[in-house]
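Structure at a glance
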Amino acid sequence: MKHAAAPTASASLIRREVAGLPRYDPGADPAEVAALSRSSRIIKLSNNESPFGISPAVAEAIRLGLADGVSRYPDPTGRRLAEAIGTSLDVPAERVVLGNGSENILELLCQAVLDPGDLVVTQAPGFSLHETFPRVMGARVEKVPVTGEFGFDAEAWSTALAAGPKLVFLANPCNPTGAVLSTGQLEHVLAATPASALLVLDEAYGEFARLDPEYPDALEALRGQDRPWIVLRTFSKAYGLAGVRVGYGVASDPTLVQALDRVRTPYNVNHPAQEAAIAALGDHAHLADTVRRTALEISRVTGRLEQAGLRVVPSSTNFLFIDTGRPSDRVAHELHRAGIIVKAWREPGYETYIRASLSTPEDNDVFIRSLTAICVKDKP
Ligand SMILES: *Cc1c(COP(=O)(O)O)cnc(C)c1O
């Protein structure tokens with residue numbers, strides 16, 4: 001028989017900030033959905049992963065990375081990967097920081113700069129970790145709402161930034177809306193952000209957005225700025241490497257990278273992940289193919305859903321934010337029965353929205369059929 005201590009034994013140890021945190025919502029568990037589904041195949045559209053996977057060159061790099069010996073610790077500096085990233089972006093490697101996913105870097109930034117009571121500004125609706133990690137440190141988080149048309153509210157951002165945040169988290173494109181901040185809007189943010197604040201641009205979907213002529217070249221816009229900033233990117237989305245966990249940041253100066261180096265766990269990026277990322281960075285054809293096929297599906301599926309009368313936010317990413325016009329939990333549950341997993345949105349004001357990442361054309365057709373059937377069947 002297993003003996004467990006009473007839950008109160010540890011409850012008194014937990015910091016107040018931590019006890020009050022929401023749990024991260026990864027979306028429904030595929031095994032559970034499979035058990036209640038009438039479909040034999042699960043279509044997972046809940047985590048913005050790539051349906052096009054990795055190229056043979058990257059698969060080979062992972063295989064060799066494993067064969068090299070997982071008994072040794074990885075290079076704690078990730079030197080070869082940092083240099084490859086630096087070369088590809090024309091920045092010195094000493095301004096590149098690597099993370100166990102870019103989420104890891106979000107966390108390190110909060111640990112390195114936030115004191116209890118500090119102010120963090122981010123967007124709503126938004127990425128939950130942009131709020132969770134600051135709250136772990138006891139910071140206050142101010143969320144600036146998007147406009148009714150899911151656009152950037154310049155005036156609201158000016159007001160929030162004038163309150164003197166220590167840290168600003170801005171995802172471009174935005175998760176969950178898929179909308180892009182234009183070059184002009186980024187310039188507005190730069191002008192309104194106090195030089196004492198650290199500006200974090202989270203470009204997790206930047207590879208997709210670069211097809212959009214409105215999408216700014218942030219590194220170019222930030223180059224001459226006399227302020228601290230960092231641009232975050234990841235191999236999890238367009239590069240199809242979510243499972244190996246590797247992301248990176250390009251910072252304004254080496255001092256910021258050195259601060260993150262001091263707080264991070266020394267071997268945060270494993271060896272096969274470093275090798276995979278180096279190979280992926282060199283495989284331009286696979287990235288271009290993924291981005292092109294994704295854009296075709298985004299525009300096709302958006303059109304089909306709009307034809308069916310659903311409101312879909314124009315997206316420059318690999319996912320769609322869709323107003324189902326009914327409680328999103330219920331829609332997600334009905335989709336589960338068809339073997340489809342999406343993310344039911346729960347932020348106030350968006351409880352009728354789902355976020356669905358796109359997959360192959362065949363899977364997307366199943367999604368379109370199932371979603372439109374649900375939304376027609378029980379018209380509110
Ligand atoms: C997916 C995502 C990330 C990072 O994911 P990692 O897998 O940790 O690199 C970061 N920011 C946003 C907005 C995301 O959607």
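Conventions and cut-offs
- Residues numbered from 1 in each chain as written.
- Predicted model: local features only at pLDDT ≥ 70, side-chain atom pairs only at ≥ 80, totals over all residues.
- Heavy atoms only, no water.
- UniProt positions renumbered as here; feature names shortened; annotations may be inferred.
- Helix = DSSP H or I, 4+ residues; strand = E, 2+ residues; numbered from the N terminus.
- 1 Å grid on protein atoms, 1.4 Å probe; cavity = no way out; pocket = protein on both sides within 12 Å on 5 of 7 lines; lining within 4 Å.
- Points joined across faces, edges and corners; volume = space filled by probe spheres on them.
- Nonpolar A, V, L, I, M, F, W, Y, C, P; charged D, E, K, R; others polar.
- Salt bridge = Lys/Arg side-chain N within 4 Å of Asp/Glu carboxyl O.
- Buried < 20%, exposed > 50% of the residue type's maximum accessible area, 1.4 Å probe, protein only.

- As recorded by an unreviewed UniProt entry, the protein carries the name Histidinol-phosphate aminotransferase and is attributed to Streptomyces amritsarensis.
- In the Pathway (unreviewed entry) part of its UniProt record, the protein is described as follows: "Amino-acid biosynthesis; L-histidine biosynthesis; L-histidine from 5-phospho-alpha-D-ribose 1-diphosphate: step 7/9."
- We quote the UniProt Sequence similarities (unreviewed entry) comment for the protein here in full: "Belongs to the class-II pyridoxal-phosphate-dependent aminotransferase family. Histidinol-phosphate aminotransferase subfamily."

**Concerning the UniProt feature "domain: Aminotransferase class I/classII large" (unreviewed entry) in the protein**
- Residues annotated by UniProt as "domain: Aminotransferase class I/classII large" (unreviewed entry) correspond here to residues 42-371.
- In this annotation, residues 42-371 is assigned 42% helix and 17% strand; the end-to-end C-alpha distance for the span is 15 Å.

**Side note on the layout of surface pockets**
- Of the pockets and cavities examined, the largest pocket occupies roughly 850 Å³.
- Taken together, 40 residues line the largest pocket, and the ones lying closest to its centre are Tyr24, Asp25, Phe127, Ser128 and Lys343.
- If you list the elements that add at least two residues to the lining of the largest pocket, you get helix H6 (102-113), strand E3 (119-124), helix H7 (129-136) and strand E12 (343-344).
- Broken down by element, the residue count for the lining of the largest pocket peaks at four residues, all from H7.
- Partitioning the lining of the largest pocket into residue classes produces twelve nonpolar, 14 polar and 14 charged.
- Taken as a whole, the second largest pocket holds about 360 Å³ of empty space.
- Lining the second largest pocket are 14 residues, with Glu207, Arg210, Tyr239, His284 and Leu287 positioned closest to its centre.

**As for the pattern of salt bridges**
- This structure, assessed with the given rule, holds 23 salt bridges.
- Note that Arg264 and Asp261 form a salt bridge whose closest N and O atoms lie 2.8 Å from each other.
- By relative accessible area, which is 13% here, Arg264 ends up buried.
- What makes Asp261 partly exposed here is its relative accessible area of 35%.
- Salt bridges here are not isolated pairs; linked through shared partners, they connect Glu297, Arg300, Arg304 and Asp365.

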